[in-house]
Amino acid sequence: MGTVVSFELRPQRSDAEAADSMAEAVAEAVAWLHWVDETFSTYKATSEISRLDAGELAVEQCHPEVRAILSLCEDLRRDTAGYFDARAGGRLDPSGAVKGWSIERASGILTARGWPDHLVDGGGDVRVHGRAGHRGGWQLGITHPFRRDALCAVVHLEEGAVATSGTYERGLHVIDPHRGRPATDLAAVTVVGPELVYTDAYATAALAMGDEAARWLTSLDGYEGLVIDAVGRPVETPGFVRYRVDTGVVSSSKI
């Protein structure tokens, strides 16, 4: 998927049996992510997504998970007024849905394997489950888009996901489908919510929206956001304060 995935598991005991169990759980989650990469990669000509985009494969011939993702992408396109579009760049690229969905599933694997207290980080998009320690939830830093050595906020989350879409890591990679050009109005959008598949996709759509992003995020039930424009001005949705621990470098106004 063009990124790195890391795991943090919090064991409730430290014996050899627990260590073996942890290793097996992580191995299963990693195997799942490798399957996702082989199936959905836009970098590999042999993946089903690449073959589908090239016309070498029909939708009906694809794996059921591929068909499910294509259906999800269409739902997201509709729900975001077309700002999330798997073909925005001119070719089929469902990565904006696949990453969050696959990490969400990896988190489910760890829980099913008996490791409910964990964090899975896919290139800065994070799913947390359970407890980080005896004090409960997880504290997650959000990188400042203009100061790589600083945070623009720290959020406290006991269950759910945080995703950021921005121009500071991968450049102008998000396309505004309505204007057919890279989205340049915003530097970064961070979304907090219950599931990573939607927080990630909504962050991507909001970045493409530009100036309307914060108002649109405010309309979503169960999701909150922090929006930083191209010159560094931050705006947060009204409920974002519930998650904020530290304002860090910037102080946000509310939409």
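Residues numbered from 1 in each chain as written. Predicted model: local features only at pLDDT ≥ 70, side-chain atom pairs only at ≥ 80, totals over all residues. Heavy atoms only, no water.

*Asks:* Help me understand the overall build of the chain, please; the structure alone is not making it clear to me.
*Replies:* Counting its regular elements, the chain contains 6 helices and 13 strands. Against the 2.2 N^0.38 benchmark of 18 Å for 255 residues, the chain shows a C-alpha radius of gyration of 18 Å, consistent with a compact globule. Projected onto the principal axes, the alpha-carbon positions of the chain cover approximately 55 × 50 × 30 Å. Residue burial in the chain is summarised as follows: out of 255 residues, 48% are buried. Across the chain, the fraction of contacts at a sequence separation of at least 24, relative to all contacts at a separation of at least 6, is 57%. Within the structure as shown, the chain displays about 12,100 Å² of accessible surface, and the carbon and sulfur contribution to it stands at 48%. (Helix = DSSP H or I, 4+ residues; strand = E, 2+ residues; numbered from the N terminus. Rg over C-alpha atoms; globule rule 2.2 N^0.38 Å. Buried < 20%, exposed > 50% of the residue type's maximum accessible area, 1.4 Å probe, protein only. Contact = heavy atoms within 4.5 Å. Areas by Shrake-Rupley, 256 points an atom, 1.4 Å probe, with all protein chains shown as cover.)

*Asks:* It is not clear to me how the packing of aromatic side chains should be interpreted in this structure. Could you clarify?
*Replies:* Two numbers describe a pair of aromatic rings. These are the distance of the centres and the angle of the planes. Across all of its chains, the model carries 7 aromatic pairs by this definition. Ring centres of W32 and W35 lie 5.5 Å apart, and the angle between their planes is 20°; this geometry places the pair in the stacked category. Separated by 3 residues within a single helix, W32 and W35 lie in helix α1 (residues 16–40), roughly one turn from each other. The interplanar angle of 85° and the centroid separation of 5.5 Å between the aromatic rings of Y202 and W216 together place this pair among those described as edge-to-face. Of this pair, Y202 sits in helix α5 (residues 196–209) while W216 sits in helix α6 (residues 213–218); the two residues are 14 residues apart in sequence, bridging distant segments of the chain. One aromatic cluster in this structure is built from W32, W35, F40 and W101. (Phe/Tyr/Trp six-rings, centres within 6.5 Å; stacked < 30°, edge-to-face > 60°.)

*Asks:* How should I be thinking about the pairing of strand β2 (residues 118–122) in this particular structure?
*Replies:* In summary, the side chains of a regular strand alternate between the two faces of the sheet. Of all 5 residues that make up β2, 4 are buried, and the element is covered over most of its length. The pairing of strand β1 (residues 5–9) with β2 spans 5 bridges and is antiparallel. Note that in β2 the partner of E8 across the bridge is L119. In this sheet, strand β3 (residues 125–129) lies alongside β2 in antiparallel orientation, the contact comprising 5 bridges. The residue of β3 that forms the bridge with L119 is V128. From the end of β2 to the start of β3, which pair antiparallel, there are 2 residues, and G123 there has a positive phi angle of about 60°. (Pairing = 2+ DSSP bridges.)

Everything listed here is a matter of geometry and, on its own, says nothing about what the molecule does.
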